[in-house]
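Coordinate inspection notes
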Amino acid sequence: MNVIPLGTNGFFPSFGRETMCFAVPYGKTLIILDAGTGLYRLAEPIGKKLLTGVENIHLFLSHYHLDHTFGFYGAFNLLKGKKITVFGSRPKKVFSELPALGYFPVKYDRQFSDFNFKQLTAGKQEVDDYAVFVKKQYHRGEGSLALRFEFISKYKTSLAYVTDSEPTQEGVKFVKNTTLLLHEHWFNGNDLGREKGIRLEDQLIDGHVTTIGAALIAKEAKAGKLCLAHHYPFYNAKQLENQRELARKIFPKTELALDLSMVSF
Ligand SMILES: [Zn+2]
Ligand SMILES: [Zn+2]
């Protein structure tokens with residue numbers, strides 16, 4: 001299977017990188033992880049190709065911060081004609097408050113009539129013929145969800161998507177032996193890396209797991225591969241490569257998630 005990163009930044013778009021959004025083609029279903037500004041790439045040729053022949057959209061939201069939901073500003077138009085299910089921590093109609101506040105000039109219920117908003121609860125749930133495991137994360141007290149997809153019946157492979165998270169042993173357990181770990185990382189990993197006796201629990205900065213934290217989690221969980229995402233928007237390509245090299249010292253099978261660079265798992 002493949003993941004096509006449509007947006008890989010945290011916070012805001014920069015250096016040609018949109019904010020968090022990943023597409024996972026699965027037959028007539030397109031699974032989408034988060035709906036940051038990367039969702040707008042569905043208007044581009046690569047996005048149109050991804051949508052060709054697709055009937056269902058399964059859109060999973062880690063949480064509702066704008067770098068993970070801003071795509072909803074155009075989602076009703078980008079996903080026209082598809083049967084859309086949005087899975088989140090609440091059955092919340094994303095952005096439905098905004099028309100009344102003057103931010104969003106649409107008749108919400110009409111434009112989003114093909115959208116079904118479903119609540120994910122902690123534990124295992126079956127979605128069609130694949131399984132999703134859900135874990136609640138603290139994320140500055142506002143909460144977010146870690147997601148683990150098992151495509152065992154068809155492809156014998158798994159994908160864990162962990163962002164806006166915290167470095168804990170429960171987190172390691174949740175992603176144990178996953179084929180691909182798509183994990184957030186954040187700045188300042190360099191500085192922390194110079195300290196002796198690195199502790200997983202210390203790898204938290206500003207509500208995010210550091211680069212070193214992501215590598216430690218991948219190593220302890222024996223992940224098949226680590227793909228770093230939720231990039232710090234002030235970092236250029238070179239600075240991100242430095243982060244990748246830092247992570248590789250701990251977990252050699254580390255790559256950067258880069259916009260439009262497909263990752264197989
Ligand atoms: Zn974020
Ligand atoms: Zn967040």
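Refer to the preceding data block for the structure.
Residues numbered from 1 in each chain as written. Chains lettered and ligands numbered in written order. Predicted model: local features only at pLDDT ≥ 70, side-chain atom pairs only at ≥ 80, totals over all residues. Heavy atoms only, no water.

This part is about the coordination of the zinc ion (ligand 1). At this site the zinc ion (ligand 1) is bound by Asp67 (OD), His68 (NE2), Asp164 (OD) and His230 (NE2), with donor distances of 2.1 to 2.4 Å. Geometry at the zinc ion (ligand 1) is irregular, judged from the four donor atoms that bind it and their angles of 93 to 158 degrees at the metal. In this model, the zinc ion (ligand 1) sits 3.6 Å from the zinc ion (ligand 2), the two metals being bridged by aspartate 164. Of this pair, aspartate 67 sits in helix α2 (residues 66-69) while aspartate 164 sits in the loop between β10 (158-162) and α7 (169-174), and the two are 97 residues apart along the sequence. For aspartate 164, a relative accessible area of 1% translates into the label buried. (Donors = N, O, S within 2.8 Å, 3.2 Å for Na, K, Ca; no water. Tetrahedral: all angles 85-135°; square planar, octahedral: opposite > 155°, others 65-115°. Helix = DSSP H or I, 4+ residues; strand = E, 2+ residues; numbered from the N terminus. Buried < 20%, exposed > 50% of the residue type's maximum accessible area, 1.4 Å probe, protein only.)

For helix α10 (residues 237-250), built from 14 residues, the straight-helix expectation of 20 Å at 1.5 Å per residue is met to within 8% by its first-to-last C-alpha distance of 21 Å. Looking at α10, one finds that the buried residues are Leu240, Gln243, Arg244, Leu246, Ala247 and Ile250. Down the axis of α10, the sector holding all buried residues measures 160 degrees, keeping them to one side. Projecting away from the buried face of α10 at angles above 90 degrees are the exposed residues Lys238 and Lys249. (Expected span 1.5 Å × (residues − 1). Arc of directions from axis to C-beta.)

The next subject is the pairing of β10. Of all the five residues making up β10, five are buried; the element is thus mostly covered by neighbouring parts of the structure. Residues Ser158, Ala160 and Val162 line one face of β10 and the alternating positions Leu159 and Tyr161 line the opposite face, and both faces are buried. The pairing of strand β9 (residues 144-150) with β10 spans four bridges and is antiparallel. Paired with leucine 147 across the bridge in β10 is tyrosine 161. (Pairing = 2+ DSSP bridges.)

This part covers the coordination of the zinc ion (ligand 2). Bound to the zinc ion (ligand 2) are the protein donor atoms His63 (NE2), His65 (ND1), His139 (NE2) and Asp164 (OD), situated 2.1 to 2.4 Å from the metal. One can describe the donor arrangement at the zinc ion (ligand 2) as irregular, given that its four donor atoms subtend angles of 90 to 171 degrees at the metal. Exposure remark for histidine 139: the relative accessible area of 1% places this residue in the buried category.

The next subject is the sheet that holds strand β8 (residues 130-137). The strand order β7-β8-β9-β10-β11-β14-β15 describes an open sheet built from seven strands, whose pairing is mixed. Edge strands, defined here as strands with exactly one partner in the open sheet, are β7 (123-127) and β15 (254-256). When strand polarity is set aside, the average angle formed by the axes of neighbouring strands in this sheet is 20 degrees. In this sheet, strand β11 (residues 180-184) lies alongside β10 in parallel orientation, the contact comprising four bridges. Looking at the pairing, alanine 160 lines up with leucine 181 of β11. Strands β14 (225-229) and β15 of the sheet are contacted by α10, whose axis makes an angle of about 165 degrees with β15. (Axes fitted to C-alpha atoms, helices over the stretch in contact; angles between N-to-C directions. Contact = heavy atoms within 4.5 Å.)

Let us now look at a nonpolar patch on the surface. The grouping of Leu66, Phe70 and Tyr73 at the surface amounts to a nonpolar patch, some 290 Å² of accessible area in total. Relative to the helices and strands, tyrosine 73 resides in helix α3 (residues 72-78). (Patch = residues over 30% accessible without salt bridge, like charges linked within 9 Å, V, L, I, M, F, W, Y side chains within 5 Å. Areas by Shrake-Rupley, 256 points an atom, 1.4 Å probe, with all protein chains shown as cover. Salt bridge = Lys/Arg side-chain N within 4 Å of Asp/Glu carboxyl O.)

A word on the packing of aromatic side chains. Applying the stated criterion to the full structure yields 29 aromatic pairs. Measuring from ring centre to ring centre gives 4.9 Å for phenylalanine 11 and phenylalanine 12, while their planes differ by 55 degrees; the resulting arrangement is tilted. For the pair tyrosine 26 and tyrosine 155, a centre-to-centre distance of 6.1 Å together with 65 degrees between the ring planes defines the contact as edge-to-face. Taken together, the residues span a long stretch of sequence, with tyrosine 26 in strand β2 (residues 21-26) and tyrosine 155 in helix α6 (residues 152-155) at a distance of 129 residues. Judged by its relative accessible area of 42%, tyrosine 155 is partly exposed. Within the aromatic cluster, the residues linked to one another by ring pairs are Tyr40, Phe70, Phe72, Tyr73, Phe76, Phe95, Phe104, Tyr108, Phe112, Phe115 and Phe117. Across from the ring centre of tyrosine 64, 5.5 Å away, lies the NZ or CZ of lysine 92, which sits over that ring. Positioned above the aromatic ring of tyrosine 26, the side-chain terminus of lysine 154 is 4.9 Å from the ring centre. (Phe/Tyr/Trp six-rings, centres within 6.5 Å; stacked < 30°, edge-to-face > 60°. Lys NZ or Arg CZ within 6 Å of the ring centre and 35° of its normal.)

All right, on to the sheet that holds strand β6 (residues 115-119) then. Read across the open sheet, the seven strands follow the order β6-β5-β4-β3-β2-β1-β16; overall the sheet is mixed. With partners counted over all chains shown, the strands left at the sheet margins are β6 and β16 (263-264), one partner each. Relative to β6, strand β5 (residues 83-88) runs parallel, the two sharing five bridges. By the bridge assignment, isoleucine 84 is partnered in β6 with phenylalanine 115.

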